[in-house]
Amino acid sequence: MGFWFWLSRSADSSFIQVCRRGYNFQQKFSLVNVKLKWVKDRSLDAIVIDQGNLRAVCILVSVISSSPSFCLPIYHLRKHRGQLGLPHYVKLSAFIRKYPNIFHESYIFDNGGTRVPCFQLTAEAVKLHEEEVSIIEQNQNELIERLCKLLMLTRSRTLPLQTIDQLKWDMGLPYNYYDTLIPLHSDMFSSICLQDGRVGLKLQTWDDRLAFSQLQKNAALHQKKKNLDTGCLAFPIGFTRGFGLRRKCMQWLDEWQRLPYTSPYSDASHLDSRTDVSEKRIVGVFHELLHLMIQKKTERKNVSNLREPLSLPQKFTKVFDRHPGIFYISKKCDTQTVILREAYDRQQLLQKHPLVDIRENFASMMKRGLLDRSMGLYRQKADPILVKPLSRSAAVEFNESKTSYDEGLCHNFYLQQIK
């Protein structure tokens with residue numbers, strides 16, 4: 001309690017000073033035209049490569065496990081394809097079959113006699129998913145705080161659900177968070193209709209207890225009270241081995257680090273977007289945003305639509321390229337992933353969230369499944385779900401309620417398997 005009281009008093013007084021000082025600085029420091037080269041970091045690239053397709057697999061696991069039948073036909077899973085991030089040329093059924101130790105395939109016959117593939121989870125995958133659900137329940141308050149802080153970064157404490165959905169995997173939120181977590185905290189969140197017709201999630205009240213960035217907390221924990229009082233907090237910097245920094249760039253970076261730090265939770269409307277002071281605020285926003293991610297990384301495209309909610313200028317993502325000592329952009333797996341450098345020691349995440357262990361176990365299962373499949377250990381045919389031929393009236397009813405019918409058949413098959 002004493003720590004938070006001291007931090008809040010120090011931060012409140014420094015915020016006012018920083019705002020005034022920031023205005024003076026912006027008259028002196030324009031946006032310096034410095035461009036640092038991009039240098040490949042094999043250790044951080046390996047993190048992205050090792051987790052390729054992991055997000056898609058975990059989403060499919062969540063979708064299947066949330067079904068009452070614990071087994072879904074392929075056309076039902078296709079409805080969720082847009083959230084998987086798979087290339088358009090990858091056939092969903094072929095992708096699922098890559099991991100036979102996670103997804104067990106069966107099939108049913110439709111009314112035309114055509115086989116319809118169905119997928120359920122293997123016993124090992126079910127056990128791992130149950131561990132994940134247990135961890136989410138144990139860390140529910142912490143996950144809710146992450147969501148609160150995300151909304152507090154925005155100008156109106158509101159974000160479209162579509163935007164949150166793009167970040168929910170990285171934040172550790174459950175797949176169906178809107179239906180499971182949000183109703184339990186109706187006093188904190190409300191659903192609203194945005195001007196463009198989309199549904200948004202709004203944080204009801206501001207929480208001063210959460211309005212401190214990770215950089216401020218680190219400064220307080222390391223007894224850097226002088227830096228908090230002056231407001232000139234510096235970001236941890238680290239470069240890839242062999243990164244050559246010219247003297248001119250080193251001088252600019254040193255001066256940039258001494259500029260006032262504007263908290264991402266404070267009003268920055270007084271800052272001129274054409275200055276280095278404003279750029280430091282933008283870096284601070286994404287530094288804090290990445291700290292809200294359980295693995296301190298997210299795809300660049302996930303933040304591309306945050307400009308207006310976060311009150312950012314045009315081409316704001318250029319800060320990732322201008323500050324390679326703070327952010328690393330991996331270009332592996334046909335995408336660009338922004339990684340917070342300070343969070344890793346080579347390939348090791350320094351502070352692991354419990355959910356990270358679950359994801360690493362799923363990644364290991366994926367590797368093992370691919371290897372076993374390549375060795376021909378899963379060449380057996382899919383198990384059929386035998387059904388009697390449908391009468392004409394039953395066929396009409398089948399077409400009208402196709403999903404529930406198929407799920408019922410899958411459920412019967414699932415019960416047979418576990419007996």
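Looking at an unreviewed UniProt entry, one finds the protein chain named PORR domain-containing protein, with Erythroxylum novogranatense as its source organism.

Moving on: the pattern of salt bridges. Any two side chains of opposite charge can pair, on the condition that their charged atoms come close. Inspection of every chain in the model, using the stated rule, returns 18 salt bridges. Of the charged contacts, one joins Arg322 and Asp276 as a salt bridge, the two residues approaching to 3.9 Å between their closest N and O atoms. With Arg322 in helix H14 (residues 318-322) and Asp276 in helix H13 (residues 276-291), this pair connects stretches of sequence that are 46 residues apart. With a relative accessible area of 12%, Arg322 lands in the buried category. Because the salt bridges share partners, they merge into one network encompassing Glu145, Asp207 and Arg209.

So, about helix H7 (residues 140-152). Spanning 13 residues, H7 covers 18 Å between terminal C-alpha atoms, matching the ideal 18 Å at 1.5 Å per step. The buried count for H7 comes to 10 of 13 residues, which makes it a mostly enclosed element. Taken together, the buried positions of H7 are occupied by Gln140, Leu143, Ile144, Arg146, Leu147, Cys148, Lys149, Leu150, Leu151 and Met152.

The next point concerns the packing of helix H3 (residues 54-65) against helix H15 (residues 354-374). The geometry of H3 relative to H15 is characterised by a closest axis approach of 10 Å and an angle of 100° between their N-to-C directions. The angle between H3 and H15 falls in the class roughly perpendicular. In this structure, H3 uses Leu54, Val57, Cys58 and Val61 to contact H15, whose residues at the interface are Arg359, Phe362, Ala363 and Met366.

Parameters and conventions
- Residues numbered from 1 in each chain as written.
- Predicted model: local features only at pLDDT ≥ 70, side-chain atom pairs only at ≥ 80, totals over all residues.
- Heavy atoms only, no water.
- Salt bridge = Lys/Arg side-chain N within 4 Å of Asp/Glu carboxyl O.
- Helix = DSSP H or I, 4+ residues; strand = E, 2+ residues; numbered from the N terminus.
- Buried < 20%, exposed > 50% of the residue type's maximum accessible area, 1.4 Å probe, protein only.
- Expected span 1.5 Å × (residues − 1).
- Axes fitted to C-alpha atoms, helices over the stretch in contact; angles between N-to-C directions.
- Parallel < 35°, antiparallel > 145°, perpendicular 65-115°, else oblique.
- Contact = heavy atoms within 4.5 Å.

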